[in-house]
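Residue-level structural notes
Chain by chain, the residues:
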Amino acid sequence: MRLGRVLFANVTEPAVLHQDTWVRVSCLGLPDLEGGIACLLSRSQELLGALDGVVISELVARGDAVPAASAHLQSPLERTSSIIAVGLNYRAHIAEVEWKAPTNPLLFAKWSSALTGPYNEIALDASLSQQVDYEVELVAVIGRHTRDVDVAHALEHIGGYAVANDVSARDVQKADSQWTRAKSFDGFCPIGPWITTADEVADPQDLELSCVVNGSVRQHANTAQMIFGVAELVAFASHGMTLHPGDVLLTGTPSGVALGSESPQWLKPGDVVRSEIAGLGYLENHITARAAAEAS
Ligand code: ZN
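Let me begin by describing the structure that accompanies this report. (Residues numbered from 1 in each chain as written. Predicted model: local features only at pLDDT ≥ 70, side-chain atom pairs only at ≥ 80, totals over all residues. Heavy atoms only, no water.)

**Description of the layout of surface pockets**
Operational definition: Think of a 1 Å grid over just the protein atoms. A cavity is a set of points where a 1.4 Å probe fits yet cannot get out, a pocket is an open set with protein on both sides within 12 Å along at least five of seven lines, and lining residues have an atom within 4 Å of a point. Grid points are joined across faces, edges and corners, and a volume is the space filled by probe spheres set on the points. Each helix is a run of DSSP H or I of at least 4 residues and each strand a run of E of at least 2, with the numbering of both proceeding from the N terminus. We call Asp, Glu, Lys and Arg charged. Ala, Val, Leu, Ile, Met, Phe, Trp, Tyr, Cys and Pro are nonpolar, and the rest, Gly among them, are polar.
In this structure, the largest pocket occupies an estimated 370 Å³ of space. In terms of lining, the largest pocket is formed by 23 residues, of which the most central are Trp99, Arg170, Gln173, Trp179 and Leu259. Of all the secondary-structure elements, those providing two or more residues to the lining of the largest pocket are β6 (83–87) and α5 (170–176). In terms of residue count, α5 provides more of the lining of the largest pocket than any other element does, 4 residues in total. Taken together, the residues of the lining of the largest pocket break down into 8 nonpolar, 8 polar and 7 charged. The calculated volume of the second largest pocket comes to roughly 240 Å³. Glu156, Ile158, Gly159, Ala198 and Asp199 are, among the 17 residues lining the second largest pocket, the residues nearest its centre. Counted by class, the lining of the second largest pocket contains 8 nonpolar, 6 polar and 3 charged residues.

Structure below.
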């Protein structure tokens, strides 16, 4: 099942994809929807039951459903989510940036203000950074409250999967000696295009992922190449902190980032970044320049 956040008239609401149409969940009569999309991740059966018998054309006529081709998808995550990211989790990437492989998962944070939609523009501020890089990553979305889970049971706590780009300002990352700010500028966390529920992902360690800039393939790998798999990452993160439904783990990026190149091609206005994971969909973000007039 695919869950997204879709613009209906002028409000963005959780929606479920059904017969090539995004259906507004709030019109389906389910109880307890206050938790937004996070509370839906473990309710596929209930959602299927509620969709049984709906007449899509009537929902479209009422404004409660939008054909997929014309739907405006926003970030499937809300700003209440914690974004836990993982550094240095693919060996070829560690080699290209000339670091040492960590003995434990290297977790860091991205602030949720960086969230943006799957097809939104990312506006760069040239006065802040001249070295903006791309990092395609598999996202695991937590489906239920998780604390001290072991590796063997960790995947049961994942509600779904999505695609992200962990956009990073390398010069700022270096100058700060701390990664969070450089990876949290506005628009630096496109996620989506929707959340595919975990029951539809047979093996999160066998997904092909790629990042293509202006039609040229920069990153292409398989999640089988992760050092710490999704289950290990969730188990590790859940020791010491509770993971809540809707929280996400960005599971690290493979090789091919600009930072790893001898002649780096940093992102610049006019570029188009396509981040894709087989079976989960793709993000397509156009890079623009943040105009000085926008400053406030
Ligand atoms: Zn990353």
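**Quick look at the coordination of the zinc ion**
Rule in force here: Donor atoms (N, O, S) are those found within 2.8 Å of the metal centre, with the cutoff raised to 3.2 Å for Na, K and Ca; water is not part of the atom list, so apparent gaps in a site can occur. A simple rule labels every residue: compare its accessible area, found with a 1.4 Å probe on the protein chains alone, to the largest value its type can have, and call it buried under 20%, exposed over 50%, or partly exposed in between.
On the protein side, the zinc ion has Glu135 (OE), Glu137 (OE) and Asp166 (OD) as donor atoms, found 1.9 to 2.1 Å from it. In terms of primary sequence, the donors binding the zinc ion are separated according to E-x1-E-x28-D. Each of the two residues, Glu135 as well as Glu137, counts as buried.

**Considering the nonpolar core**
The line we're drawing: As used here, the term nonpolar core means buried Ala, Val, Leu, Ile, Met, Phe, Trp, Tyr and Cys residues forming a set that is joined through side-chain atoms within 4.5 Å. Note on contacts: a residue pair qualifies if any of its non-hydrogen atoms lie within 4.5 Å across the two residues.
Among the nonpolar cores identified, the biggest contains 84 residues, and Val16, Leu47, Phe188, Ile191, Val234 and Leu250 are the most heavily contacted of them. Beyond its immediate stretch of four places on either side in the chain, Val16 contacts Met1, Arg2, Leu3, Thr21, Trp22, Val23, Val25, Leu28, Leu47 and Leu51. Formed by 8 residues, the second largest nonpolar core is a distinct cluster that contains Phe8, Ala15, Trp22 and Leu73.

**A short note on the sheet that holds strand β19 (residues 281–289)**
Note the threshold: One bridge is not enough; two strands pair if DSSP finds at least two bridges between them. Helix axes are fitted to C-alpha atoms over the stretch in contact, other axes to C-alpha atoms as well, and angles between N-to-C directions run from 0 to 180 degrees.
Strand order in the open sheet formed by 5 strands is β9-β19-β18-β15-β16, and the pairing between neighbours is mixed. In this open sheet, the two strands that pair with only one neighbour each are β9 (122–124) and β16 (216–222). Averaged over all neighbouring strand pairs, the angle between strand axes comes to 15°, with direction disregarded. Pairing analysis gives 6 bridges linking strand β18 (residues 272–277) to β19, with the strands arranged antiparallel. Residue pairing in the sheet places Val273 in a bridge with Asn285 of β19.

**Quick look at empty space enclosed by the protein**
Scanning the entire structure with this criterion turns up 1 cavity of 30 Å³ or more. Here the largest cavity defines a volume of roughly 40 Å³. Together, Ile122, Asn165, Val167, Pro190, Leu267, Val273, Ser275, Asn285 and Ile287 line the largest cavity. Mapped by element, the contributors of at least two residues to the lining of the largest cavity are β18 and β19.

**What about the packing of aromatic side chains?**
In plain terms, the rule: Any Phe, Tyr or Trp ring, taking Trp's six-membered ring, that has another such ring centre within 6.5 Å forms a pair; planes under 30 degrees apart are called stacked, those over 60 apart edge-to-face, and the others tilted. In this analysis the charged atom, NZ for Lys or CZ for Arg, is taken to sit over a ring once it is within 6 Å of the ring centre and within 35 degrees of the ring normal.
Applying the stated rule across the entire model yields 5 aromatic pairs. Ring geometry for Trp22 against Trp194: centres 6.0 Å apart, planes inclined by 45°, an arrangement best described as tilted. Note that Trp22 is positioned in strand β3 (residues 21–24) and Trp194 in strand β14 (residues 189–197), a separation of 172 residues in sequence. Taken together, the aromatic side chains of Trp99, Phe108 and Trp179 make up a single cluster linked through ring pairs. When the ring centre of Tyr282 is taken as reference, the NZ or CZ atom of Arg274 above it lies at 3.6 Å.

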